[in-house]
Amino acid sequence: MPIATPEVYAEMLDKAKQNRFAYPAINVSSSQTLIAAIRGFAEAGSDGIVQVSTGGAEYLSGSTVKNMVTGSVALAAYAHEVAKNYPVNIALHTDHCPKDKLDGFVRPLLEISAERVARGENPLFQSHMWDGSAVPLTENLEIAKDLLAKTAAAKIVLEIEVGVVGGEEDGVANEINDKLYTTVEDGLATVEALGTGENGRYITALTFGNVHGVYKPGSVKLRPEILKEIQDQVGAKLGKERPFDLVFHGGSGSTLEEIRAAVDHGVIKMNVDTDTQYAFTRPAAAHMFSNYDGVLKVDGEVGNKRAYDPRAWGKAAETGMAARVGEACESLRSTGTSLNA
């Protein structure tokens, strides 16, 4: 299928909310990790989201070029072509963008999509994230309001973060403390500033102890009941059940019970990066260790071209990452839910 249109993406999100499942949002940083992600979704019979961070976008442009817009546009162009060969819908998303990178990342990409829409085409990306967790809530929502008007005009969904995700990702680090827990008051302020969809569609990362990075299950103090509390109290005021379309950040180390509870409370998108990075790299490392004499020209020998051909270990890496994407689909209950099923 082609990359999801704005209408298909909206249908994907609505179906997830209605049926209490979530889409894995897989971070990629190369054409091969993109293929691995799409393959994983296809093998699971799940539609899905592929996303690129600021660092991933820089890397995609060339490790010495480091142009986030170039890398993002290149990824999207490649994805729009190769996705046609898979039987599921794939949405493209840009991940965490702090204030100091808006002008070099999200805003130029929004302009590109606005120009495409003006020509009668679909936007390049289906959603963009503004990460205002490092600024005061008032400023966070002021910037979000401005961006929401632009994303709505370009038929794009805006993702925001209300609260703080701990740990570190792409050089953005936050302490692990009480700020990791969004409050009901934060939720009410969000609705007051952005509305409930009439000003444009947005999805919200409310934090409930989330932490980026590598953790064993149970070591992160997640409190998914916070999501229910916010949904219930804001929903009661609005007369609407589960008013927020929620995003789960920093999911590594979460237990299946915690993941499923978050989904029950309205999470429709869960970011997956650390685990798929490992799932991609581990088979490549295994190949290097098991083909040591082939990938290296040991003691003046010539090595084995079949062993050091990047396609040899690349196929193994792709297979490993695709399997982990399938596991994420199962955890989030999206297996077999494709709109095309």
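Parameters at a glance
- Residues numbered from 1 in each chain as written.
- Predicted model: local features only at pLDDT ≥ 70, side-chain atom pairs only at ≥ 80, totals over all residues.
- Heavy atoms only, no water.
- Axes fitted to C-alpha atoms, helices over the stretch in contact; angles between N-to-C directions.
- Helix = DSSP H or I, 4+ residues; strand = E, 2+ residues; numbered from the N terminus.
- Parallel < 35°, antiparallel > 145°, perpendicular 65-115°, else oblique.
- Contact = heavy atoms within 4.5 Å.
- Nonpolar A, V, L, I, M, F, W, Y, C, P; charged D, E, K, R; others polar.
- Buried < 20%, exposed > 50% of the residue type's maximum accessible area, 1.4 Å probe, protein only.
- Pairing = 2+ DSSP bridges.
- Right-handed = clockwise from strand over helix to strand, strands pointing away.
- Expected span 1.5 Å × (residues − 1).
- Arc of directions from axis to C-beta.

1. A closer look at the packing of helix α5 (residues 106–118) against helix α6 (residues 137–153)
Moving on, step 1. Running from N to C, α5 and α6 point in directions that differ by 25°, and their axes come no closer than 9 Å. Between α5 and α6, the interaxial angle falls into the category roughly parallel. Residue-level inspection shows R107, L110 and V117 of α5 in contact with α6, the latter providing I143, D146, L147, K150, T151 and A153.
Moving on, step 2. A breakdown of the residues in the contact of α5 with α6 according to their chemical character gives five nonpolar, one polar and three charged.

2. Some details on the pairing of strand β1 (residues 23–27)
Moving on, step 1. Among the five residues in β1, five count as buried, and that is most of the element.
Moving on, step 2. Burial of the side chains of β1 extends over both faces: Y23, A25 and N27 are buried on one face and P24 and I26 on the other.
Moving on, step 3. Inspection of the sheet shows β1 paired to strand β10 (residues 267–272) by four bridges, in the parallel sense. Residue pairing in the sheet places P24 in a bridge with M270 of β10.
Moving on, step 4. Regarding the hand of the β-α-β motif, the stretch spanning β1, helix α2 (residues 31–44) and strand β2 (residues 48–52) is right-handed.

3. So, helix α8 (residues 225–238)
Moving on, step 1. Taking 1.5 Å per residue as the helical rise, α8 with its 14 residues ought to reach 20 Å, and the 20 Å between its terminal C-alpha atoms agrees with that figure.
Moving on, step 2. Within α8 the residues assigned to the buried category are I226, L227, I230, Q231, V234 and G235. Each buried residue of α8 lies within a common arc of 150° when the element is viewed along its axis, so the set occupies one face.
Moving on, step 3. Looking at the buried side of α8, the elements it contacts are α7 (184–194), β8 (202–206), β9 (246–248), α9 (256–264) and β10.
Moving on, step 4. G239 lies just past α8 and shows a positive phi near 70°.

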